[in-house]
Amino acid sequence: MKKILPKILLGIALACAVFFSFLYTNNDIGKTANSLEADIRLSQKISDDWNVDGSTSDTMAAFISYPQDKTDHTFSVYVNRPGLSFGYFFRGGGDIVEVDDYIAEFVVEGYNERAFVSMNTQNVIRLEVDDGNSIRVIDIDNGKPFAIVLPLNAGNICFYDANGNVVEYLRQPL
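Keep in mind it's a predicted model, so treat the numbers as computed, not measured. (Residues numbered from 1 in each chain as written. Predicted model: local features only at pLDDT ≥ 70, side-chain atom pairs only at ≥ 80, totals over all residues. Heavy atoms only, no water.)

A.B. asks: How do you make sense of the overall build of the protein chain when you look at a structure like this?
C.D. replies: From N to C terminus, the protein chain includes three helices and twelve strands. Look at the contacts in the protein chain between residues 6 or more apart in sequence, and 52% of them connect residues 24 or more apart. Counting every atom, the protein chain has about 10100 Å² of accessible surface; 54% of that belongs to carbon and sulfur. (Helix = DSSP H or I, 4+ residues; strand = E, 2+ residues; numbered from the N terminus. Contact = heavy atoms within 4.5 Å. Areas by Shrake-Rupley, 256 points an atom, 1.4 Å probe, with all protein chains shown as cover.)

Following this line, the structure appears as structure tokens:
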């Protein structure tokens, strides 16, 4: 009996390792935050000479990929599912005019966060989040595209251009 127990435990451990390896290779347990850029480049065929910028929270990640001359783009939104999940899952992405010409807001049903993605053709320089008690300012480089993840209940969101004008954003289905 003493010799059988280690063999049983070894068999269980080996079966668990094979099971989790299978789940990982089939992307059933998610991608780590550190591997998202590599996943974006591979799955959406993003060239190595393109920039990939983004923002990651505990439950959502948003990225925008673009060449140096900013003539094209691809956006990517990932979510971290509740339950047996050790990472992020691709939820949506691509190339849409709303990201080219405006600020696109993406909300995923069942998640308490939203992503703002833009090629920043409006020259946005800052984002203000007013929670009713204080205003948090997030500076944005007006020469660069951006992807930002914020909580749904963060408060009133306002984007401003270099002239101090409010820049509107458009909610997009995902």
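Still to come is the rest of the account.
A.B. asks: I would appreciate a short explanation of the confidence of the model for the protein chain in the present structure.
C.D. replies: The predicted coordinates ought not to be read in detail in places where the model reports low pLDDT. Averaged over all residues, the pLDDT of the protein chain equals 87, while 87% of them reach at least 70. Across the protein chain, the element-wise mean pLDDT spans from 65 in helix H1 (residues 4-25) up to 96 in strand E2 (residues 60-66). (pLDDT = per-residue confidence, 0-100.)

A.B. asks: Even after reading the chapter, I still don't get the side chain of Ser65, so can you show me in this structure?
C.D. replies: For Ser65, the location among the structural elements is in strand E2. Excluding residues within four positions of it along the chain, Ser65 makes contact with Ile40, Ile46, Trp50, Asn51, Val52, Asp72, His73 and Thr74.

A.B. asks: Would you mind going over helix H2 (residues 36-43) with me for this structure?
C.D. replies: Think of an α-helix as 3.6 residues a turn; residues three or four steps apart then line up on the same face. Where H2 is concerned, the buried positions are Leu36, Asp39, Ile40 and Arg41. Buried residues in H2 make contact with strand E1 (51-56), E2 and strand E3 (74-79). A positive phi of about 55° marks Lys45, the residue just after H2. (Buried < 20%, exposed > 50% of the residue type's maximum accessible area, 1.4 Å probe, protein only.)

A.B. asks: What am I meant to see in the sheet that holds E2 here?
C.D. replies: The four strands are arranged E1-E2-E3-E4 in an open sheet whose pairing can be described as antiparallel. Looking at strand neighbours, the two that pair on one side only are E1 and strand E4 (89-94), the edges of this open sheet. Along the sheet, successive strands turn relative to each other by an average axial angle of 15°, direction set aside. Pairing between E3 and E4: five bridges, direction antiparallel. When the sheet's bridge partners are listed, Ser76 is paired in E4 with Gly93. (Pairing = 2+ DSSP bridges. Axes fitted to C-alpha atoms, helices over the stretch in contact; angles between N-to-C directions.)

A.B. asks: Would you mind going over the environment of Pro145 with me for this structure?
C.D. replies: By secondary structure assignment, the location of Pro145 is in the loop between strand E8 (135-139) and strand E9 (146-151). In contact with Pro145, other than residues within four places in its own chain, are Asp53, Ile64, Tyr66, Lys70, Ser118, Met119 and Asn120.

A.B. asks: I would appreciate a short explanation of a nonpolar patch on the surface in the present structure.
C.D. replies: Taken together, Ile4, Ile8 and Ile12 make up a surface patch of nonpolar side chains, about 280 Å² in accessible area. The residue Ile12 is located in helix H1 in this model. (Patch = residues over 30% accessible without salt bridge, like charges linked within 9 Å, V, L, I, M, F, W, Y side chains within 5 Å. Salt bridge = Lys/Arg side-chain N within 4 Å of Asp/Glu carboxyl O.)

A.B. asks: Could you clarify how one ought to interpret the pairing of strand E5 (residues 103-107) in this entry?
C.D. replies: Along any regular strand the residues' side chains alternate between the sheet's two faces. The buried count for E5 comes to four of five residues, which makes it a mostly enclosed element. Sheet topology places E5 next to strand E6 (residues 113-118); five bridges connect them, and they run antiparallel. Bridge pairing links Phe106 to Ala115 in E6. Two successive antiparallel strands, E5 and E6, enclose a turn made up of five residues, where Gly110 displays a positive phi of approximately 90°.

A.B. asks: I tried to follow the nonpolar core on my own but got confused; where do I start?
C.D. replies: Within soluble globular proteins, side chains that are nonpolar tend to cluster in buried spots. The biggest cluster of nonpolar side chains holds 17 residues, and the ones touching the most others in it are Met60, Ile64, Val99, Phe106 and Val117. At the level of elements, E2, E3, E5, E6 and E9 are the ones that each hand at least two residues to this core. With four residues, the single largest contributor to this core is E2. Core analysis: the next-biggest nonpolar cluster, separate from the first, contains 13 residues, Val129, Phe146, Ile157 and Val167 among them. (Core = buried A, V, L, I, M, F, W, Y, C linked by side-chain atoms within 4.5 Å.)

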